[in-house]
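Examining the three-dimensional arrangement
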Amino acid sequence: MKKSIGSDKIKTAVFISGTGSNLKNLIKFSFKKNSPISIKLVISNKKNAKGLKFINSKKIEKKIVNFIKQKESEKKLINLLKKRKIEFICLAGFMKILSNNFLKKFNNKIVNIHPSLLPKYKGLNTHKRVLKNNEEFSGCTVHYVTAKLDSGKIILQKKIKIDKTDKENTLRKKILKEEHKLYPRAIMKIFN
Ligand code: GRF
């Protein structure tokens, strides 16, 4: 995806469900001069998502979309995204699976970060499964979102070594730290 020279930054939406450490980090990144994206909208399917507290800028709109009736929610969401001229969507700990219809509307414009070395350990509870299998390495992956869960084209990946003493929470922390570096790097790669 190319950004034309001299054009404004890419109007971006971030979708979250929880803590939002990646959102916090992406907001910080988006304010940098050389960042290709500008975050205009944050969507959460949970009204109490902790991550919502990181939106301190008046330039960033936040919206709760509960997804209880997914079809209706997505329809409203698509309208809002079009209205705000959103060109790029970053999923960051967003726990809903978007429909094919939604994905088609934003084909190749939705990316996600996943805390494993995809294609290994798609889905939930990655750290637990990785440790149970005595893996030597784990990591994180930024990839395009397609209809098949955690299976779209990989943009960037970071590998880390697992220590013998690592537990689920220490591994999660280590990988999150890497996620915060990887997501901006992947976005730079997409637009440069
Ligand atoms: C991250 O580990 C991300 O890879 C996964 O969900 C977690 C979200 O963390 N998809 P946070 O809400 O960004 O802190």
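About the cut-offs
Residues numbered from 1 in each chain as written. Predicted model: local features only at pLDDT ≥ 70, side-chain atom pairs only at ≥ 80, totals over all residues. Heavy atoms only, no water. Helix = DSSP H or I, 4+ residues; strand = E, 2+ residues; numbered from the N terminus. Buried < 20%, exposed > 50% of the residue type's maximum accessible area, 1.4 Å probe, protein only. Contact = heavy atoms within 4.5 Å. Polar contact = N/O pair within 3.5 Å; in protein donor to acceptor, adjacent residues only side chain to side chain. Near = heavy atom within 4 Å. Areas by Shrake-Rupley, 256 points an atom, 1.4 Å probe, with all protein chains shown as cover. Domains from an automatic or database assignment. Buried area = accessible area lost by both parts, 1.4 Å probe. Salt bridge = Lys/Arg side-chain N within 4 Å of Asp/Glu carboxyl O. Core = buried A, V, L, I, M, F, W, Y, C linked by side-chain atoms within 4.5 Å. Phe/Tyr/Trp six-rings, centres within 6.5 Å; stacked < 30°, edge-to-face > 60°. Lys NZ or Arg CZ within 6 Å of the ring centre and 35° of its normal.

1. Remarks on the environment of Tyr 121
Relative to the helices and strands, Tyr 121 resides in the loop between strand S5 (110-114) and helix H4 (126-132). We classify Tyr 121 as buried; its relative accessible area is 13%. Discounting chain neighbours no more than four positions away, the residues touching Tyr 121 are His 114, Ser 116, Thr 126, Arg 129, Val 130, Asn 133 and Glu 135. Among the polar contacts made by the side chain of Tyr 121, one reaches the side chain of Glu 135 at a distance of 2.6 Å.

2. Considering the site of the ligand
Every residue close to the ligand is listed here: Thr 19, Gly 20, Ser 21, Asn 22, Gly 93, Ile 113, His 114, Pro 115 and Glu 179. The backbone of Gly 20 places a nitrogen or oxygen atom 2.7 Å from an oxygen atom of the ligand. Measuring from an oxygen atom of the ligand, one finds a side-chain N or O atom of Glu 179 at 2.8 Å. A total of 370 Å² of accessible area belongs to the ligand in isolation, and the protein chains cover 82% of it.

3. Quick look at the domain arrangement of the chain
Structurally, the chain comprises domain 1 (8-107) and domain 2 (113-192). Computed over C-alpha atoms only, the centres of domain 1 and domain 2 are separated by 20 Å. Listed as interface residues are 17 residues of domain 1 and, on the opposing side, 15 residues of domain 2. Counting each side, the surface lost to burial between domain 1 and domain 2 is near 1400 Å², with a carbon and sulfur contribution of 75%. Linking domain 1 with domain 2 are 0 salt bridges, by the criterion used here. Taken together, domain 1 and domain 2 are joined by 4 residue pairs in polar contact (both at pLDDT 80 or more). Those elements that place two or more of their residues in the side of domain 1 that touches domain 2 are helix H1 (21-30), strand S4 (88-91) and helix H3 (100-105).

4. Considering the nonpolar core
With 36 residues, the main nonpolar core has Phe 88, Val 111, Tyr 183 and Ile 187 as its most contacted residues. Listing elements by their share of this core, those giving two or more residues are strand S1 (10-16), H1, strand S2 (37-44), S4, S5, strand S6 (137-144), strand S7 (154-161) and helix H5 (168-191). In terms of residue count, H5 provides more of this core than any other element does, 8 residues in total. Counting residues domain by domain, this core receives three or more from each of domain 1 (8-107) and domain 2 (113-192). Core analysis: the second largest hydrophobic core is formed by 20 residues, Phe 15, Leu 41, Phe 102 and Ile 110 among them.

5. Quick notes on the packing of aromatic side chains
All chains considered together, the criterion is met by 5 aromatic pairs. Ring centres of Phe 67 and Phe 94 lie 5.5 Å apart, and the angle between their planes is 65°; on these two criteria the pair is classed as edge-to-face. Remark: Phe 94 occurs in the loop between S4 and H3 and Phe 67 occurs in the loop between strand S3 (61-64) and helix H2 (70-83); sequence separation between them is 27 residues. Residue Phe 94 is classed as buried on the basis of its relative accessible area, which comes to 9%. Clustering of aromatic rings is evident, with ring pairs tying together Phe 15, Phe 67, Phe 94, Phe 102 and Phe 106. The ring centre of Phe 137 lies 5.5 Å from the NZ or CZ of Lys 161, which sits over that ring.

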